[in-house]
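# Close look at the chain arrangement
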Amino acid sequence: MSANAQTLEQLIGHEYKQGFVTDVETDFFPPGLNEGTIRALSAIKKEPEFMLEWRLAAYRHWLTMKSPEWAHVSFPPIDYQAISYYSAPKTQADGPKSLDELDPELLETYKKLGIPLAEQERLAGVAVDAVFDSVSVATTFKEKLAEAGVIFCSFSDAVQEHPDLVRQYLGTVVPYTDNFFAVLNSAVFSDGSFVFIPKGVRCPMELSTYFRINAANTGQFERTLIIAEDDAHVSYLEGCTAPMRDENQLHAAVVELIALDRAEIKYSTVQNWYPGDKEGKGGIYNFVTKRGACRGVRSKISWTQVETGSAITWKYPGCILQGDHSVGEFYSVAVTNNYQQADTGTKMIHIGKNTSSTIISKGISAGHAQNSYRGLVKILKGAENARNYTQCDSLLIGDRCGAHTFPYVVVKQPTARVEHEASTSKISEDQLFFCQQRGLSMEDAVSMIVNGFCKEVFKELPMEFAVEAQALLGISLEGSVG
Amino acid sequence: MLRIENLHVSVEGKPILKGIDLNVKAGEVHAIMGPNGSGKSTLAHVLAGRPGYEVTAGRVWYQGKDLLAMAPEERAREGLFLAFQYPVEIPGVSNIYLLKAALNAIRKHHGLNELDAMDFLATVKDKTRLLDMDEQFLYRAVNEGFSGGEKKRNEILQMAVLEPKLAILDETDSGLDIDALKIVAQGINALRSEKRAFILVTHYQRLLNYIKPDRVHVLAHGSIAKSGDAGLALELEKQGYGWVEQLADAGA
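This structure is a prediction, so every number in the text was calculated from the model and none was measured. (Residues numbered from 1 in each chain as written. Chains lettered and ligands numbered in written order. Predicted model: local features only at pLDDT ≥ 70, side-chain atom pairs only at ≥ 80, totals over all residues. Heavy atoms only, no water.)

What follows concerns the overall build of chain A. Helix and strand counts for chain A come out as 12 helices and 23 strands. Looking at the 482 residues of chain A, the share that counts as buried comes to 61%. About 18200 Å² of surface is accessible on chain A, with carbon and sulfur atoms providing 50% of the total. (Helix = DSSP H or I, 4+ residues; strand = E, 2+ residues; numbered from the N terminus. Buried < 20%, exposed > 50% of the residue type's maximum accessible area, 1.4 Å probe, protein only. Areas by Shrake-Rupley, 256 points an atom, 1.4 Å probe, with all protein chains shown as cover.)

Moving on, we come to the pattern of salt bridges. Enumeration over the complete set of coordinates arrives at 26 salt bridges over all chains. Here Asp231(A) and Arg262(A) are joined by a salt bridge, their closest N and O atoms 2.8 Å apart. Taken as a pair, Asp231(A) in the loop between strand 8 (222–228) and strand 9 (233–241) and Arg262(A) in the loop between strand 11 (254–259) and strand 12 (264–271) lie far apart in primary sequence, 31 residues in all. On the basis of relative accessibility, which here comes to 38%, the residue Arg262(A) falls in the partly exposed class. A salt bridge links Arg438(A) to Glu155(B); the nearest nitrogen and oxygen atoms lie 2.7 Å apart. Residue Arg438(A) is located in the loop between helix 10 (429–437) and helix 11 (442–458), and its partner Glu155(B) is located in helix 5 (residues 148–162); the two belong to separate chains. Taken individually, Arg438(A) and Glu155(B) each receive the classification buried, so the pair is uniform in this respect. In the salt-bridge network here, residues are joined through shared partners; they are Lys125(B), Asp126(B), Arg129(B) and Glu135(B). (Salt bridge = Lys/Arg side-chain N within 4 Å of Asp/Glu carboxyl O.)

All names here are of chain B. An order of 2-1-4-5 is seen for the four strands of this open sheet, with the pairing classed as antiparallel. The sheet is open, and its two borders are formed by strand 2 (14–24) and strand 5 (65–66), each paired with just one other strand. Summarising the sheet, strand 4 (residues 54–62) and strand 5 pair through two bridges and their orientation is antiparallel. In the strand pairing of strand 5, tyrosine 62 is matched with lysine 65. (Pairing = 2+ DSSP bridges.)

A few words now on the packing of helix 3 (residues 95–109) of chain B against helix 5 of chain B. In helix packing, the relevant descriptors are the interaxial angle and the interaxial distance, both defined with respect to the helix axes. Residues and elements named next belong to chain B. It is at 10 Å that the axes of helix 3 and helix 5 come closest, and there the two elements cross at 35°. Note on packing geometry: the crossing formed by helix 3 with helix 5 is right-handed. Where helix 3 approaches helix 5, its residues Asn95, Leu98, Leu99, Ala102, Leu103 and Ile106 are matched on the opposing element by Asn154, Leu157, Gln158, Val161 and Leu162. (Axes fitted to C-alpha atoms, helices over the stretch in contact; angles between N-to-C directions. Left-handed = near helix turned anticlockwise from the far one by under 90°. Contact = heavy atoms within 4.5 Å.)

Next up on the list: the pairing of strand 11 (residues 215–220) of chain B. All names here are of chain B. In terms of residue burial, strand 11 counts as a mostly covered element, since five of its six residues are buried. The sheet contact formed by strand 3 (residues 29–33) and strand 11 spans four bridges and is parallel. The residue bridging histidine 30 from the neighbouring strand is arginine 215, located in strand 11. In terms of strand pairing, strand 11 meets strand 12 (residues 223–228) through five bridges, oriented antiparallel.

Residue and element names in this part refer to chain B. If you trace the six strands from one edge of the open sheet to the other, you get 6-9-10-3-11-12, paired in mixed fashion. Across the chains shown, the open sheet's two edge strands, defined by having one partner strand only, are strand 6 (80–83) and strand 12. Averaged over all adjacent pairs, the angle separating strand axes in this sheet is 20°, with direction ignored. The sheet contacts of helix 7 (residues 230–239) involve strand 3, strand 11 and strand 12, and relative to strand 11 the element is tilted by about 45°.

Attention shifts here to the side chain of Ser10(B). All names here are of chain B. In this fold, serine 10 is placed in strand 1 (residues 2–11). Given the relative accessible area of 7%, serine 10 is considered buried. Leave out the neighbours within four places in its chain, and serine 10 touches Pro15, Ile16, Gly52, Tyr53, Glu54 and Thr56.

In structure tokens, the structure reads:
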């Protein structure tokens, strides 16, 4: 029987396929962080004064803070002076105007990652902004989107071209005083994506960003800001990979979403940062702050995440449900293997009347991994008739991994209704044998069972990216017949 | 089709089967009967290749090949089907998806193309009617929330779709009421053909009222105590298993 369990672990333990390093000439800062670094960074990006002030305010606040220790993860202290805070492909300095001007090797990298930037321009369908190390290298479909009035560009471009919008919304969901990593990001973020959907516009295509950390000893601090005005709709996906390196790399991103009256933002993540090797050496520390504000009435923000990578994941995409009748959703699949640690979940803060939130979390643990769900559902006094439904399911593979659930529920409004369901299960020998007896290989059997377990979350992924999730999980998605 | 020679099987060092000989030809229906603990289910599982059973002696030939050397999924793809006594639940995986994945795995093994979605659906719907099952069954998660009878019918549905060469039914009749038993028997009878063989593992004679076996074997203490034609099952019904157990003891 143990032979079966072993095969199972081998199957789950597929090799990291995105671990190549790209040989591109880069401009970078020497490691170290002080006010000078921030001034230099802001200068290189030709930022207006308000941005520099904002960064410096964040940095000064950060100096007063300590790294949080409450999460169910463990890692040695990070030396923030050993990190380089800026790394960019050299050609970028001259500012490529089109894909043709990009370093062919860079394009090759994205091809290896399965992001055919050049092809996508022709095929139409998904607009991609790709962030390589610290800077945004290509945004496709800019023109087509502009016709619809949609702004989709790198954060750096947004600061140059739409400074008023940036100034109006930046830091209004995740302020520069928020948490240790978000504050650090506010001080040193180098690029990211910016999306603005004006009143009444339904974004004509899925928007997508791919993040990649390439250079050694570099931290990646990108920032995403998405604004959907009244009655606007947008669906956005981010994907992430990094090379295999023995040392740990820090990724501390911030994502802010703002939905005004009746606006809808769907944010999907397929995260496949390098998780470290089988002994737990190397890998990305993914310490990310993602938060959406449903400011308007009947607005809706939906987070869908498929987390397969990173040595440590620390992230709680949340929703502040401020507008009456606003809706927050969180659908998550988190897979941890070997020595990966994940402490992830969501925060749903109900402020407005008749607000509702749904949380579906699926944790899959294998090897020596520790997988924790941590969620906060908070119903404030004014949130009459607020509702929350939470479902946390854990699937264990093998007997050395762990699954933990930390639900926090705070209710200050008597008419609120909060439900929490949790389950823990294992892939049983009986299930595997049954599938094999029907002709399926062990690999297909595991894939089918895991897919079944994750079904409620996968069905929330945009169609275009369902395939992506399949490739990353190394399992095949359940097709539909009839 | 299937030839079992002097099969000895142990579980965790404890001998369960102590020398089984059995010869099943295409087109035949064999019933394996016996009291609880006589090794009936062990025999079914060993033939299907379930892990955890140790074959200590003997050979099994299936269509001229060494069955025991084949992986469980390979046996399945070569047409060996086991209807489980306790079918498992697979949450989130729909019946129709499982059926399609299984059928295509088998077809691929035989160098055939994957079945077209429309053809597949038509075939499957035909089979559900044969078993008097609601089509909605196809879209429910495999056995999740199914009643005992529904689970057993679902096993027969899978058999009907996969069209095995050798079907082993492990106590498919247990836990069925008389109406469900008739439907299941009807489904099995509809699949009887000259090219297909059945091994019915059962505790009771009543299934054999609806499916007439060519041969009946009575298992006691890990070996076949007595073999005969359909009449043997009726005799057992009258005399009980004590009778064959005595025979087995006398033989040993």
